[in-house]
Amino acid sequence: MKDRKLLMIPGPIEFTPEVLQAMGLPTTSHLAANFAEVFGQALERLREVFLAPGGCPFVVAGSGTLAMEIAAANLIEPGDRALVVNTGFFSDRYVAILERHGAEVTVVAPPVVGDVPSLEAVEEALKKGPYKLMTITHVDTSTGVIADVRNLAYLGQKYETLVIVDGVCSVGGEELRMEEWGVDLTLTASQKALGVPPGLAIVVAGERAMEAFRKRKTPVRTYYADWTNWLPVMESYLARKPIYFGTPPVNLIWALNVSLGQILAEGLEARWARHRHLSDAFKAGLEAIGLKLVPVSREKAAHTLTTVYYPEGIDARLLGLILEAGIIVASGRHPALGERYFRVGHMGAVTASDILSTLGAIEWALARSGYRFDVGAGLAAAERVLTA
Ligand code: PMP
């Protein structure tokens, strides 16, 4: 028997063999010419993947939460006002981070969990500004909801508010056009749709964000996150003349450069379309066997993961059976929804056969749990979408 499980959680994900090989290369000096070339190229490729040719990329050892904090620490001064467009647990986390840095935070919440605040509600809130910045969680991994970044960013620009996008569960999987849409800062982490093992906090800041940083009257209150320390380092790697501030995670950055190369070789449009297609197939499969998605409509559902309620009479023990069938999926992560739902990630190098294997395992586990349904109907519905 093969003792291999398929990792289908919303990060970390399954990585390509080339990315994993880069993790295993003999580590070199962080100041070596060959590493400077790789780091510099990775920073250039980030601008391409974020569609921010004029952006300032920052790559720092840490997780997505550090990337969130880097944005807050460098842009917020005590007493600044911030607006959070709330779509779930990770938007709540942004409230806590912004408040820790001294911001006065206003939250626009949706009518129910699984929904997105309306553009009208966000505009109403912006009218009561001015706000220094607004945050949008592009895909909230707790609810599986996707926010309309394009139109929200338009509103941010209209009210002269910096637009910060938490793209941890979206960059590299969902359509996001940073400069064209007027996003001032996008942040992410390595372990999701960017396809690199956990450990990198990644931020791309646009001109308006950098200008706001330069105009600060008070010093950044965390030493490690301070762009005063990191900006010269990133600029020096871009110029292939490395300097030191904190030791960069050499192997992770090699792996990042490999993955960014793979993303650009696939093409952003093709990659977004692949994520949409596989997500549509998976969601159609679950709905065909009577399961209900957490997002209130398909338009508000992300394509990098699926969040779905257990059907009547079934609980979290289902995940143990899905695991027995060889697939690792994730439990819920939103306090208001508790253990009523589970989450399946499908991003990065995910394939149609991963989607079908996962659906098959879910059907098998449901049948074993006594849920009554037309076994195979989910797989058939998914196949119809995949072959359409
Ligand atoms: N934002 C979002 C949307 C996320 O999904 C996550 C992680 N699941 C984070 C922020 C925090 O990232 P990390 O766990 O890497 O700190």
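All values reported here derive from a predicted model rather than from experimental measurement.

This part is about the overall build of the protein chain. Helix and strand counts for the protein chain stand at 14 helices and 14 strands. Taking 2.2 N^0.38 as the reference for a compact globule, 388 residues should give roughly 21 Å; the C-alpha atoms of the protein chain span a radius of gyration of 21 Å, in line with that estimate. Over its C-alpha atoms, taken along the principal directions, the protein chain stretches across nearly 65 × 55 × 35 Å. For the protein chain, with 388 residues in total, the buried portion stands at 59%.

Along the polypeptide, Trp227 turns up in helix 9 (residues 227-238). Distance from Trp227 to Gly332, taken between C-alpha atoms, is 35 Å for residues 105 residues apart in sequence. Beyond its immediate chain neighbours, meaning those up to four positions away, Trp227 contacts Phe58, Ile70, Asn74, Leu75, Leu185, Val203, Ala205, Ala209, Met210, Phe213 and Pro232.

Time to look at the pairing of strand 3 (residues 81-85). Across the five residues of strand 3, four count as buried, placing the element largely inside the fold. Two elements, strand 3 and strand 4 (residues 104-108), share five bridges in a ladder whose sense is parallel. The partner of Ala82 across the bridge, within strand 4, is Val105. Taken together, the four bridges between strand 3 and strand 5 (residues 133-137) define a ladder with parallel strand orientation. By the bridge assignment for strand 5, Leu83 is matched with Met134.

Here we take up the pattern of salt bridges. Inspection of the entire model under this criterion finds 17 salt bridges. The residue Glu175 makes a salt bridge to Arg177 at a minimum N-O spacing of 2.7 Å. Its relative accessible area of 26% is what places Glu175 among the partly exposed residues. Note that Arg214 is salt-bridged to Glu207, the shortest N-O span being 2.8 Å.

Here we take up the domain arrangement of the protein chain. For interface size, the figure often reported is the accessible area lost on association. Examined at the domain level, the protein chain breaks down into domain 1 (6-11 + 268-386) and domain 2 (17-266). Every contact between the two is made by 29 residues of domain 1 and, on the other side, 30 residues of domain 2. Interface area for domain 1 against domain 2, summed over the two sides, is near 2,500 Å², with a carbon-plus-sulfur share of 59%. When the buried area of domain 1 at its contact with domain 2 is split by residue, Leu268, Arg271 and Trp272 rank highest and sum to 28% of it. Taken together, domain 1 and domain 2 are joined by four salt bridges.

The sheet built from three strands is open, its strands ordered 11-14-13 with antiparallel pairing. Two strands in the sheet have a free side with no partner beyond their single neighbour: strand 11 (305-309) and strand 13 (330-331). Relative to strand 11, helix 11 (residues 268-288) is tilted by about 10°, and along the sheet it contacts strand 11 and strand 14 (341-345).

Per the counting criterion, the structure on display carries 12 aromatic pairs. An angle of 10° between the planes, with centres 4.9 Å apart, marks the rings of Phe58 and Trp227 as stacked. Here Phe58 is found in strand 2 (residues 56-61), whereas its partner Trp227 is found in helix 9, with 169 residues between them in sequence. For the pair Phe58 and Trp227, one class covers both residues: buried. Over the ring of Tyr131 we find Arg81, and its NZ or CZ is 4.6 Å from the ring centre.

Okay, the site of the ligand next. Surveying the vicinity of the ligand reveals 13 residues, the closest of which are Ser63, Thr65, Thr141, Asp166 and Lys192. Thr65 is positioned such that a nitrogen or oxygen atom in its side chain is 2.6 Å from an oxygen atom of the ligand. Separating an oxygen atom of the ligand from a side-chain N or O atom of Gln191 is a distance of 2.9 Å. Bound to the protein, the ligand loses 87% of the 390 Å² it would expose on its own. Looking at the shell around the ligand element by element, the count peaks at three residues for helix 3 (residues 64-75). Classifying every residue of the shell around the ligand gives four nonpolar, six polar and three charged.

We now examine the sheet that holds strand 3. Taking strand neighbours across the sheet as the criterion, the seven strands line up as 2-10-9-8-5-3-4 in an open arrangement whose pairing is mixed. The sheet terminates laterally at strand 2 and strand 4, the two strands that pair on one side only. Put simply, the sheet's adjacent strands are angled 20° from each other on average, direction ignored. The sheet contact formed by strand 2 and strand 10 (residues 200-205) spans six bridges and is antiparallel.

Our next topic: unusual backbone geometry. The omega torsion of the bond from Gly11 to Pro12 falls at 0°, within 30 degrees of zero and hence cis. Residue position: Pro12 is located in the loop between strand 1 (6-7) and helix 1 (17-23). Put simply, Gly129 and Pro130 share a cis peptide bond, and its omega is 5°. When you line up the elements, Pro130 lands in the loop between helix 5 (119-127) and strand 5. At Leu51, a position not held by glycine, the phi torsion is positive, near 55°. Examined against the element boundaries, Leu51 turns out to sit in the loop between helix 2 (33-49) and strand 2. Assessed through its relative accessible area of 26%, Leu51 is described here as partly exposed. For Glu160, which is not glycine, the phi dihedral falls at a positive 50°.

Conventions used here
Residues numbered from 1 in each chain as written. Predicted model: local features only at pLDDT ≥ 70, side-chain atom pairs only at ≥ 80, totals over all residues. Heavy atoms only, no water. Helix = DSSP H or I, 4+ residues; strand = E, 2+ residues; numbered from the N terminus. Rg over C-alpha atoms; globule rule 2.2 N^0.38 Å. Buried < 20%, exposed > 50% of the residue type's maximum accessible area, 1.4 Å probe, protein only. Contact = heavy atoms within 4.5 Å. Pairing = 2+ DSSP bridges. Salt bridge = Lys/Arg side-chain N within 4 Å of Asp/Glu carboxyl O. Domains from an automatic or database assignment. Buried area = accessible area lost by both parts, 1.4 Å probe. Axes fitted to C-alpha atoms, helices over the stretch in contact; angles between N-to-C directions. Phe/Tyr/Trp six-rings, centres within 6.5 Å; stacked < 30°, edge-to-face > 60°. Lys NZ or Arg CZ within 6 Å of the ring centre and 35° of its normal. Near = heavy atom within 4 Å. Polar contact = N/O pair within 3.5 Å; in protein donor to acceptor, adjacent residues only side chain to side chain. Areas by Shrake-Rupley, 256 points an atom, 1.4 Å probe, with all protein chains shown as cover. Nonpolar A, V, L, I, M, F, W, Y, C, P; charged D, E, K, R; others polar.

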